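Single-letter residue listing:
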Amino acid sequence: MHVDLLINNVCVRDDAPLVDIAIKGGRIAAMEPGIDASADERIDAQGRAAIPGLIEAHLHLDKALLHRRLPARFGTLDEAIRVTGILKSKQEREDVLDRSRQVLDMAVKNGTVAVRAHPDVDLIQGLIGVETLLALKDEYDSLLDLQIVAFPQEGILKSKGTYELMIDALRMGADVVGGCPYNELNWEDTKRHIDIVFELAQRFDAPVDMHADFADDTSDPRFAAISYIAQKTIDTGYQGRVSLGHVTSLGALDNDALAPVIEQIRLAGISIVTLPATDLYLGGRKDAQNPRRGLTPVKALHSAGVNVAYSSNNVRNAFTPFGKADMLQIGNLLAHVAQFGVPEHQQAILDMGTHNAARAIGLSHDYGIAVGKQADLIILDTFRVADALLDIPPRLWVVKRGRITVVTQHHCEIHRHSCCCAQ
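All of these numbers come straight from a predicted model, not from anything done at the bench.

With that settled, the discussion passes to the nonpolar core. Core analysis: the largest hydrophobic core is formed by 101 residues, its most contacted members being Ile229, Leu244, Ile265, Ile270, Ile272 and Leu334. For this core, the domains that each give at least three residues are domain 1 (2-52 + 368-407) and domain 2 (54-361). Of all hydrophobic cores here, the second largest spans 18 residues; its members include Val19, Ala45, Ile379 and Val399.

See below:
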């Protein structure tokens, strides 16, 4: 057998022997110990661990790397929206392209093979976010899969003309209908916002991905819309095609109130994408004592069988002043704050950044390290899969559609000096 790429001596399961992975035509052709094949390229992993390529299921590129242009002072969601609105009014195409490329390059170097990006579609910056991403979709085609969400950050009903811009974005090539229902003026408009999102999704046969219930409590019904969204999902037959980001308000419910809502989410087949870097930074700002973590109830959702993923969300702006588009870094953060420390929970977090994220953006049918699947994988500079989140190791090789896209050379020396003290 002749293959395009042969990876020797790689660990894909900690409880199984090392295997070779043969890749041909962009797909995994065989995976077993001692494959006898010639190859155009070879990698000797020398026992290192491989995981499926990481997936950023929720990332804002048009607003990235703005942190030094108009720094936020209070760290609240309202301030972040206001500050970013000012900066959005000054957006220029080449600057958006440059900042987006910087973040995509970070993601590629860190082993990300797919991104669902949420460019703002509104009267402030128009369609510049969608237009630049369409250009980058072609430019980065060999490095990652890029999905584009038409995201109405400023609302739909309260921002007249946004609806027409969303239609334009979808006609231009946006893949997903976004929503931000809490950014309307009242509960009735919030519900209508959700209705409009599903109407557009059905019209363009597109999936739905909304920012929803992004608050510390549920006292305002605009931030407690998930039951309405779940029922709408079922009524429209959109089970499995809806993802929701943030959903932090769920964390304010006690167990008795939370259980039936989670069951609605499960029945609707909705994926929840938690965004811990942003949610932790912005959440609990008004709490004088015992400030809340501001996170969706990851453990309860996971235990109930809801598909939970995570992502970076923002990179270095008023919403999140940190980050480098590294899913293992965000996963390590999530494991700490969600208290997912036992071995099976650490594996669950890794799944949330890989298999669960693929499901959240509709890629699960062709994803994973298995024969017949598209060859999107990472070889890590560590020797156990279980150590991926612990070590946050360099990504030595990244493979996208069977082609090596990243090679990292990592060298470190410790110089030990013995003490030579005179007697």
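With that settled, the discussion passes to helix α7 (residues 255-268). Compared with the 20 Å implied by 1.5 Å per residue over 14 residues, the 20 Å span of α7 between its first and last C-alpha is a close match. What α7 keeps buried is the set Leu258, Val261, Ile262, Ile265 and Ala268. Around the axis of α7, the buried residues are gathered within 120° of arc, so they sit on the same side. The outward face of α7, more than 90 degrees from its buried face, is lined by the exposed residues Asp256 and Leu267. Among the structural elements, α6 (226-235), β12 (271-274) and α9 (298-303) are those in contact with the buried residues of α7. Where α7 ends, the next residue or the one after it, Gly269, has phi of about 65°, a positive value.

We now examine empty space enclosed by the protein. Overall, the coordinates contain two cavities of 30 Å³ or more when judged by the stated rule. Lining of the largest cavity is provided by His60, Lys63, Leu77, Gln153, Tyr182, His211, Phe214, His246, Thr278, Asn313, Asn314 and Phe319. Of the residues in the lining of the largest cavity, the class split is four nonpolar, seven polar and one charged. Looking at the second largest cavity, its volume works out to about 30 Å³. For the second largest cavity, the full set of lining residues is Ala277, Ser312, Asn314, Val315, Thr320, Phe322, Gly323, Lys324, Ala325, Gln329 and Ile330. Looking at the lining of the second largest cavity, its residues break down into five nonpolar, five polar and one charged.

One pass over the full model with this rule turns up 25 salt bridges. Between Lys232 and Asp195 there is a salt bridge, with the nearest N and O atoms lying 3.2 Å from each other. Placement of the pair is Lys232 in helix α6 and Asp195 in helix α5 (residues 187-204), with a sequence separation of 37 residues. On the basis of relative accessible area, Asp195 is assigned to the buried category, the value being 14%.

Under the domain assignment, the protein is made up of domain 1 (2-52 + 368-407) and domain 2 (54-361). A straight line from the C-alpha centre of domain 1 to that of domain 2 covers 31 Å. In this assembly, 22 residues from domain 1 lie in contact with 22 residues from domain 2. Summed over both sides, the interface between domain 1 and domain 2 buries roughly 1,700 Å², with carbon and sulfur atoms accounting for 62% of that surface. Together, Leu389, Arg395 and Lys400 form the three largest contributors to the area buried by domain 1 at its contact with domain 2, with a combined 35%. Elements that contribute at least two residues to the side of domain 1 that touches domain 2 include exactly β5 (50-52), β14 (377-380), α13 (388-391), β15 (395-400) and β16 (403-407).

Procedures and definitions
- Residues numbered from 1 in each chain as written.
- Predicted model: local features only at pLDDT ≥ 70, side-chain atom pairs only at ≥ 80, totals over all residues.
- Heavy atoms only, no water.
- Core = buried A, V, L, I, M, F, W, Y, C linked by side-chain atoms within 4.5 Å.
- Buried < 20%, exposed > 50% of the residue type's maximum accessible area, 1.4 Å probe, protein only.
- Domains from an automatic or database assignment.
- Helix = DSSP H or I, 4+ residues; strand = E, 2+ residues; numbered from the N terminus.
- Expected span 1.5 Å × (residues − 1).
- Arc of directions from axis to C-beta.
- Contact = heavy atoms within 4.5 Å.
- 1 Å grid on protein atoms, 1.4 Å probe; cavity = no way out; pocket = protein on both sides within 12 Å on 5 of 7 lines; lining within 4 Å.
- Points joined across faces, edges and corners; volume = space filled by probe spheres on them.
- Nonpolar A, V, L, I, M, F, W, Y, C, P; charged D, E, K, R; others polar.
- Salt bridge = Lys/Arg side-chain N within 4 Å of Asp/Glu carboxyl O.
- Buried area = accessible area lost by both parts, 1.4 Å probe.

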